[in-house]
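Close look at the chain arrangement
Here's the letter readout for the chains.
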Amino acid sequence: MSKFKAFIFDLDGVITDTAEFHYLAWKQLTEEEGMSFNREVNEDLKGVSRIESLKRILQHNERSVSDEKLHSWAERKNNYYVDFIKKITPEYMLPKMLSILKNLKGNGFKTALGSASKNARAVLNGLKITDYFDIIGDGNSVKNSKPAPDLFLFCAEQLNVTPAECLVVEDAEAGIEAAKSAAMTAVGIGDANKLNEADYVFASTSDINLSLIIG
Ligand code: B16
Ligand code: MG
């Protein structure tokens, strides 16, 4: 029998690629506000909360704004993002992820979503996979976002399992750090050099081989 009872999946970069929509929405805001922004900066925002993302963009531009402006700009970016994600359909799932979810549910494993996004439910609805998750941990579930362990610990508590029984699948450095701080097993999706804290790394979702890990 496997030592794992529960699987916690990140959303952006693991289940679907919303990073492009985040990029386009930040691009719109930064152009309107006369700030520089590019794909390299966007890479640095993966797995990072909305407000923290904006703070990083401001830092990149060596700018600072009032708290009021910070929140109104973040809200404006979110309005653009919410418009973009309206087009998400089941075709937007990353390779192999639907079969992995079906397989885990068919074999009695517990599943959770562990995403920093406050829009996670809308994305899951667009993908039509909400029912594959026993619980949904998102940007509204805890105060401290990744790399703090809080979100993944929240998922474990809700699923009634211990951290040692959880396996987290993540694409961002902040997410791998959060999983390890929560004393969980971390599977990274992406560049093994960047995700060097992960217990296992697969280059892309197509390469995931969970039976290798579950036993
Ligand atoms: P929202 P994940 C993260 O999703 C994204 O990777 C990150 O770029 C974004 O800033 C964050 O969600 C918050 O998203 O603005 O929709 O609340 O990778 O944790 O699923
Ligand atoms: Mg992610």
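Residues numbered from 1 in each chain as written. Chains lettered and ligands numbered in written order. Predicted model: local features only at pLDDT ≥ 70, side-chain atom pairs only at ≥ 80, totals over all residues. Heavy atoms only, no water.

1. Some remarks on unusual backbone geometry
Glycine aside, residues mostly have negative phi angles, and peptide bonds mostly take the trans form. Of the consecutive residues Lys146 and Pro147, the connecting peptide bond is found in the cis state with omega at 15°. Relative to the helices and strands, Pro147 resides in the loop between strand E3 (135-137) and helix H7 (150-159). Phi at Glu62 is positive, roughly 50°, even though this residue is not glycine. Note on placement: Glu62 falls in the loop between helix H3 (50-60) and helix H4 (67-84). Relative accessible area serves as the criterion here: at 77%, Glu62 is assigned to the exposed category. Not every positive phi belongs to a glycine, and Ala183 is a case in point at roughly 60°. Residue position: Ala183 is located in the loop between helix H8 (173-181) and strand E5 (185-189). According to the relative accessible area criterion, Ala183 is exposed, its value standing at 53%. (Helix = DSSP H or I, 4+ residues; strand = E, 2+ residues; numbered from the N terminus. Buried < 20%, exposed > 50% of the residue type's maximum accessible area, 1.4 Å probe, protein only.)

2. What to know about the site of ligand 1
For ligand 1, the set of nearby residues contains 19 residues, the closest of which are Val48, Ala116, Ser117, Lys118 and Asn119. Between ligand 1 and Gly47 there is a distance of 2.8 Å, counted from an oxygen atom to a backbone nitrogen or oxygen. Ser115 is positioned such that a nitrogen or oxygen atom in its side chain is 2.7 Å from an oxygen atom of ligand 1. For ligand 1, the protein covers 98% of the area, taking 470 Å² as the surface of the free molecule. Taken together, the elements giving at least two residues each to the shell around ligand 1 come down to H3 and H4. Looking at side-chain class alone, the shell around ligand 1 contains 5 nonpolar, 7 polar and 7 charged residues. Counting the residues that make up the shell around ligand 1, at least three belong to each of domain 1 (6-16 + 90-214) and domain 2 (19-85). (Near = heavy atom within 4 Å. Polar contact = N/O pair within 3.5 Å; in protein donor to acceptor, adjacent residues only side chain to side chain. Areas by Shrake-Rupley, 256 points an atom, 1.4 Å probe, with all protein chains shown as cover. Nonpolar A, V, L, I, M, F, W, Y, C, P; charged D, E, K, R; others polar. Domains from an automatic or database assignment.)

3. Notes on the coordination of the magnesium ion (ligand 2)
Distances from the magnesium ion (ligand 2) to its protein donors, Asp10 (OD), Asp12 (O) and Asp171 (OD), fall at 2.0 to 2.2 Å. The sequence pattern describing where the donors of the magnesium ion (ligand 2) fall on their chain is D-x1-D-x158-D. The exposure classification of Asp10 matches that of Asp12, with both residues buried. (Donors = N, O, S within 2.8 Å, 3.2 Å for Na, K, Ca; no water.)

4. Examining helix H6 (residues 120-127)
Here H6 has its buried residues at Ala120, Val123, Leu124, Gly126 and Leu127. Looking straight down H6, one finds its buried side chains confined to an arc of 160°; they lie on one side. On its buried side, H6 packs onto H4, strand E2 (110-114) and E3. After H6 finishes, the residue Lys128 shows a positive phi value of roughly 60°. (Arc of directions from axis to C-beta. Contact = heavy atoms within 4.5 Å.)

5. Overview of the packing of aromatic side chains
Applying the stated criterion across every chain, the model contains 5 aromatic pairs. Measuring from ring centre to ring centre gives 5.2 Å for Phe7 and Phe109, while their planes differ by 85°; the resulting arrangement is edge-to-face. Taken together, the residues span a long stretch of sequence, with Phe7 in strand E1 (residues 6-9) and Phe109 in the loop between helix H5 (97-106) and E2 at a distance of 102 residues. For the pair Phe7 and Phe109, a shared accessibility class is recorded, and that class is buried. For the pair Phe21 and Phe84, a centre-to-centre distance of 6.2 Å together with 15° between the ring planes defines the contact as stacked. Of this pair, Phe21 sits in helix H1 (residues 19-32) while Phe84 sits in helix H4; the two residues are 63 residues apart in sequence, bridging distant segments of the chain. Each of the two residues, Phe21 as well as Phe84, counts as buried. One aromatic cluster is present, built from ring pairs that chain together Phe7, Phe9 and Phe109. Across the ring face of Tyr23, the terminal group of Arg39 is positioned such that the distance to the ring centre comes to 4.0 Å. (Phe/Tyr/Trp six-rings, centres within 6.5 Å; stacked < 30°, edge-to-face > 60°. Lys NZ or Arg CZ within 6 Å of the ring centre and 35° of its normal.)

6. Here we look at the domain arrangement of the protein
Per the domain assignment, the segments making up the protein are domain 1 (6-16 + 90-214) and domain 2 (19-85). If you average the C-alpha positions of domain 1 and of domain 2, the two centres end up 24 Å apart. Each partner contributes residues to the interface: domain 1 has 13 residues there, and domain 2 has 12 residues. Summing both sides of the interface, domain 1 and domain 2 together bury roughly 900 Å²; the carbon and sulfur share of this comes to 53%. Our count for the contact surface shared by domain 1 and domain 2 stands at 0 salt bridges. The tally of links between domain 1 and domain 2 comes to 2 residue pairs in polar contact (both at pLDDT 80 or more). In the side of domain 1 that touches domain 2, the residues fall into 6 nonpolar, 2 polar and 5 charged. (Buried area = accessible area lost by both parts, 1.4 Å probe. Salt bridge = Lys/Arg side-chain N within 4 Å of Asp/Glu carboxyl O.)

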